[in-house]
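# Survey of secondary and tertiary structure
So you can see what is in the structure, the chains are spelled out below.
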Amino acid sequence: MLLPPRGWGGGAAGRSPPALAALSQVLRLERSRRTGIVFPLEKLARSLAPGADTARFRLFQPGLAALQRAETLFRSGRDHAIDYVSSAVRTDHAPPPALPEVCFIGRSNVGKSSLIRALFSLSPEVEVRVSKTPGHTKKMNFFKVGKKFTLVDMPGYGYRAPQDFVEMVEAYLQERHNLKRTFLLVDGVVGLQKTDHIAVDMLEEFGIPYVMVLTKIDRASRGVLLKNVLAIQEFVNEKTQGCFPQLFLVSSLEFSGVHLLRCFVAHVTGNLPTVDAN
Ligand SMILES: Nc1nc2c(ncn2[C@@H]2O[C@H](COP(=O)(O)OP(=O)(O)OP(=O)(O)O)[C@@H](O)[C@H]2O)c(=O)[nH]1
Ligand SMILES: [Mg+2]
């Protein structure tokens, strides 16, 4: 059964974007809450001991203008259609690799489809299927963002993953030459699990640039989140080559980190030349 995540009401036609889906709504919040929504990692860094090195907490720190420009990319319009394109189990059934592409991979139930739905929440006509049952996404689902880039929702690995997951994802990662960045989602409550290391090893072996995104941060206490962030940062720093050194923290429920991630996607797909802080 397909169920919408909390915060969504009605069918596709009656949907309006949820609270905080738009930056303009976030900007009305008081300062500390606003920072927590837009820059959740930076907010977390404030819990560190004075003098701690926080460089890796703010490597990608765009200004308001860049965040706003990125948001317009995720808003559909007359000349900018955002659509589900097709699903594929094999790369040769994927849409032509005409545009820069990003993909979202991670364990089953980690929140890939929910995050993509949150990214597209300003275009509520875009159908992204999310389920309460793990193992929902069985195929690679392609979405087109105007003529700017494509985004791929991948099936999850681990529990109830499609049997051919490894072959499907491995082939995709190796063959998709327009792939600009892979977003590897890790559960922010439990941190890196054994199965996540299979994905890390795969990405490292193929030399594919990737980013780690910690999901469901609304469910993690500050202490747990900080512990997981520090452990993963150390892992990334010492054991990986292809991983971007800054982690991204998100809650698809509360929209924390979603605006920043829109900006990063816009940046890595070549749609945002400058991201300077104002
Ligand atoms: N609290 C909370 N729950 C979330 C969040 N993101 C996803 N969920 C829940 O986690 C469950 C799985 O989410 P999905 O987005 O379907 O996960 P997925 O990674 O696409 O799963 P597969 O398609 O099986 O690989 C759903 O019940 C979501 O409502 C979040 O940010 N916060
Ligand atoms: Mg899914």
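Along each chain, residue indices are assigned from 1 in the same order as the chain's sequence is written. Going through the entries in the order they are written, you letter the chains from A and number the ligands from 1. Per-residue local features of the predicted model are confined to residues with pLDDT of at least 70, and side-chain atom pairs are confined, for both listing and counting, to 80 or more; whole-chain, interface and lining totals are unaffected and use all residues.

### Some details on the overall build of the chain
Put simply, the rule reads: Strands are runs of DSSP state E lasting at least 2 residues, helices are runs of H or I lasting at least 4, and numbering of each runs from the N terminus. Exposed residues have 12 or fewer other C-beta atoms within 10 Å of their own C-beta, buried residues have 20 or more, and residues in between are partly exposed; the C-beta atoms are placed from the backbone. What counts as a contact is two residues whose backbone-derived C-beta atoms lie within 7 Å of each other.
Secondary structure assignment for the chain yields 9 helices and 7 strands. Scored against the burial criterion, the 278 residues of the chain give a buried share of 41%. Put simply, of all contacts in the chain between residues at least 6 apart along the chain, 77% involve residues at least 24 apart.

### What to know about the sheet that holds strand β5 (residues 179–187)
To keep it simple, the criterion reads: Strands qualify as paired when DSSP identifies two bridges or more between them. To define axes, lines are fitted to C-alpha atoms, for helices over the stretch in contact only, and angles between the resulting N-to-C directions are given on a 0 to 180 degree scale.
Strand order across the open sheet formed by 7 strands is β1-β3-β4-β2-β5-β6-β7, with mixed pairing between neighbours. Both edges of this open sheet fall to β1 (82–88) and β7 (248–249), since each of them pairs with a single strand only. Pairing analysis gives 5 bridges linking strand β3 (residues 140–145) to strand β4 (residues 149–153), with the strands arranged antiparallel. Residue pairing across strands places Lys144 opposite Thr150, the latter belonging to β4. Sitting on the sheet, helix α7 (residues 194–206) is in contact with β2 (101–106), β5 and β6 (210–215), with an inclination near 160° to β5.

### Things to note about the nonpolar core
As a reminder of what qualifies: Here, a nonpolar core denotes buried Ala, Val, Leu, Ile, Met, Phe, Trp, Tyr and Cys residues that are linked to one another through C-beta atoms within 7 Å.
In terms of nonpolar packing, the biggest core is built from 76 residues, with Phe104, Leu184, Met212, Val213 and Phe248 touching the most fellow members. Ranked by residues supplied to this core, first place goes to helix α9 (residues 258–268) with 7 residues. When near neighbours in sequence (up to four residues on either side) are disregarded, Leu184 contacts Ile105, Gly106, Ala199, Leu203, Tyr210, Val211, Met212 and Val213.

### Side note on α9
Within α9, 9 of the 11 residues are buried, which leaves the element mostly enclosed by the surrounding structure. Those residues of α9 that fall on the buried side of the exposure criterion are Val258, His259, Leu260, Leu261, Arg262, Cys263, Phe264, Val265 and Ala266. If you follow the buried residues of α9, they end up packed against α1 (23–26), α2 (31–38), α4 (64–73), β2, α5 (112–119) and β7. Following α9 by one or two positions, Gly270 has its phi on the positive side, about 80°.

### Points about the packing of α4 against α9
Short version of the rule: Roughly parallel means an angle under 35 degrees; roughly antiparallel, over 145; roughly perpendicular, 65 to 115; everything else is oblique. Each residue is assigned to one of three groups, with Ala, Val, Leu, Ile, Met, Phe, Trp, Tyr, Cys and Pro labelled nonpolar, Asp, Glu, Lys and Arg labelled charged, and all others, Gly among them, labelled polar.
One way to put it is that α4 packs onto α9 with a least axis distance of 8 Å and a crossing angle of 80°. With respect to each other, α4 and α9 are oriented roughly perpendicular. For the pair α4 and α9, contact is made by Ala66, Leu67, Ala70, Glu71 and Leu73 and by His259, Arg262, Cys263 and Ala266, respectively. Its residues assigned to classes, the contact of α4 with α9 shows 6 nonpolar, 1 polar and 2 charged.

### Some words on unusual backbone geometry
One non-glycine residue, Leu20, lies in positive phi territory at about 75°. Checked against the element boundaries, Leu20 lands in the segment before α1. Residues other than glycine seldom take positive phi values, yet Phe255 does so here, at roughly 70°. Mapping Phe255 onto the fold places it in the loop between β7 and α9. By the C-beta count within 10 Å, which is 24 here, Phe255 ends up buried.

### Some remarks on the confidence of the model for the chain
The criterion, for reference: pLDDT gives the predictor's per-residue confidence on a scale running from 0 to 100.
Mean pLDDT over the chain stands at 89; residues scoring 70 or higher make up 90%. Every residue in residues 1–14 is under pLDDT 50, and counting partners more than four places away or in other chains gives 18 contacts.

### A look at the environment of Val224
Considering the arrangement of structural elements, one finds Val224 in helix α8 (residues 222–239). Put simply, Val224 and Val190 are 34 residues apart on the chain and 8.4 Å apart in space, counted from C-alpha to C-alpha.

### Considering α8
Selection rule: Here, expected helix span is obtained from the residue count minus one, scaled by 1.5 Å. Starting at the helix axis, one direction is taken to each C-beta atom, and the arc is that of these directions.
Taking 1.5 Å per residue, 18 residues should reach 26 Å; α8 reaches 25 Å between its end C-alpha atoms and fits that length. Listed in full, the buried residues belonging to α8 are Leu225, Asn228, Val229 and Val236. Projected down its long axis, α8 shows its buried positions confined to an angular sector of 100°, all on one face. Turned more than 90 degrees from where α8 packs its buried face, Gly223, Ala231, Glu234, Asn237, Glu238 and Lys239 sit exposed. Considering only its buried residues, α8 is in contact with α3 (40–45) and β6.

### Here we look at the pairing of β3
Most of β3 sits out of view: 6 of its 6 residues are buried. Taking every second residue as pointing to the same face, both faces of β3 are buried, with Met140, Phe142 and Lys144 on one and Asn141, Phe143 and Val145 on the other. Judged from the 6 bridges that link them, β1 and β3 form a sheet pairing that is antiparallel. By the bridge assignment for β3, Ser87 is matched with Asn141.

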